[in-house]
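For reference, the chains in residue letters:
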Amino acid sequence: MCTQTKAAALMANLPPADIDPSGVFKYVLIRVHSREEGDDSEVDLVRGYGWAEYHADIYDKVSEELEKGGNLDCECIGGGRIKHDPQAKKIHVYGYSMGFGRANHAVSTEKLKARYPDYEQLCSGQPPNCKLLRLQQMNLVILKTSGVLKYLNIY
């Protein structure tokens, strides 16, 4: 018989992304861990809101709510900005947090795709009309803008 820990059950019910319905705002990528012994489950969450003056404002509020019951522990693994245009069905993920560093925008974009599957364009990286594919093992970024591929080495 397989049993699920309380922490794992809580994490399974967390939405992968929760952002403001439109606008340009700060976001954080939060890794949520189980505090229960023998349970190494974890999940990454995207949270972004226009009310936040600092990335830490979002992290502090979200982590406080999630850690209340004592079953979950949070860490901020980076941040950035999101431009959300619901009329055009576009989300652009870019930038970084001065306090937490740059989030892995590829991970953030995947979480947003789960939340907004009908959006035509979800983009990460600086160019405003790009599709970004990061090949982490090779430290290579391939940018496709206007049908032209550009290869950039990253370190």
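Throughout, residues of each chain are indexed from 1 in the direction in which the sequence is written. This being a predicted model, a pLDDT of at least 70 is required before a residue's local features are given, and a value of 80 or more before pairs of side-chain atoms are given or counted; all residues contribute to the totals for chains, interfaces and linings. Only hydrogens and water are set aside; all other atoms, that is, all heavy atoms of the structure, feed into the side-chain values.

Draft legend 1. Just the overall build of the chain, in detail. Helix and strand counts for the chain stand at three helices and nine strands. For the chain, the succession of helices and strands along the chain, N to C, is α-β-β-β-α-β-β-α-β-β-β-β. Relative accessibility under 20% of the residue-type maximum defines a buried residue, over 50% an exposed one, and the middle range a partly exposed one, all with a 1.4 Å probe and only protein chains included. Per-residue burial over the chain gives 41% buried out of 155 residues. For the chain, the share of sequence-separated contacts (at least 6 apart) that also reach a separation of at least 24 residues comes to 56%. Accessible surface for the chain amounts to roughly 9,200 Å². Of this, 50% is attributable to carbon and sulfur atoms. Starting at the N terminus, helices and strands are each numbered in turn, a helix being any DSSP run of H or I of at least four residues and a strand any DSSP run of E of at least two. Here, two residues are considered to be in contact whenever any of their heavy atoms come within 4.5 Å of each other. To be clear on the numbers: accessible area is Shrake-Rupley with a 1.4 Å probe, and residue cover counts the displayed protein chains and nothing else.

Draft legend 2. How the structure looks around the pairing of strand β4 (residues 72–85). Bridge count between strand β2 (residues 23–34) and β4: 11 bridges; the pairing is antiparallel. Each bridged residue has a counterpart across the sheet, and for S34 the counterpart in β4 is L72. A pair of strands counts as paired when DSSP detects no fewer than two bridges linking them. Here β4 pairs with strand β5 (residues 90–94) via five bridges, running antiparallel. The residue of β5 that forms the bridge with R81 is Y94.

Draft legend 3. Layout of the UniProt feature "active site" (unreviewed entry) in the chain. When the UniProt feature table is mapped to this numbering, "active site" (unreviewed entry) covers H55. Looking at the secondary structure, you find H55 in helix α2 (residues 55–67). Judged by its relative accessible area of 8%, H55 falls in the buried class. UniProt positions are given in the numbering used here, feature names are shortened, and annotations may be inferred rather than shown by experiment.

Draft legend 4. Layout of the UniProt feature "binding site: substrate" (unreviewed entry) in the chain. UniProt marks K26 with the feature "binding site: substrate" (unreviewed entry), using the numbering shown here. Structurally, the position occupied by K26 is in strand β2. Beyond its immediate stretch of four places on either side in the chain, K26 contacts R47, G48, Y49, A52, E53, Y54, H55, I58, G80 and R81.

Draft legend 5. Representation of the side chain of H55. Two N or O atoms form a polar contact when they lie within 3.5 Å of each other; inside protein one atom must be a possible hydrogen donor and the other a possible acceptor, and for residues adjacent in sequence the pair counts only when both atoms belong to side chains. Within polar-contact distance, the side chain of H55 engages the backbone oxygen of G80 at 2.8 Å. Leave out the neighbours within four places in its chain, and H55 touches K26, Y27, V28, G79, G80, Y96, S97 and F100.

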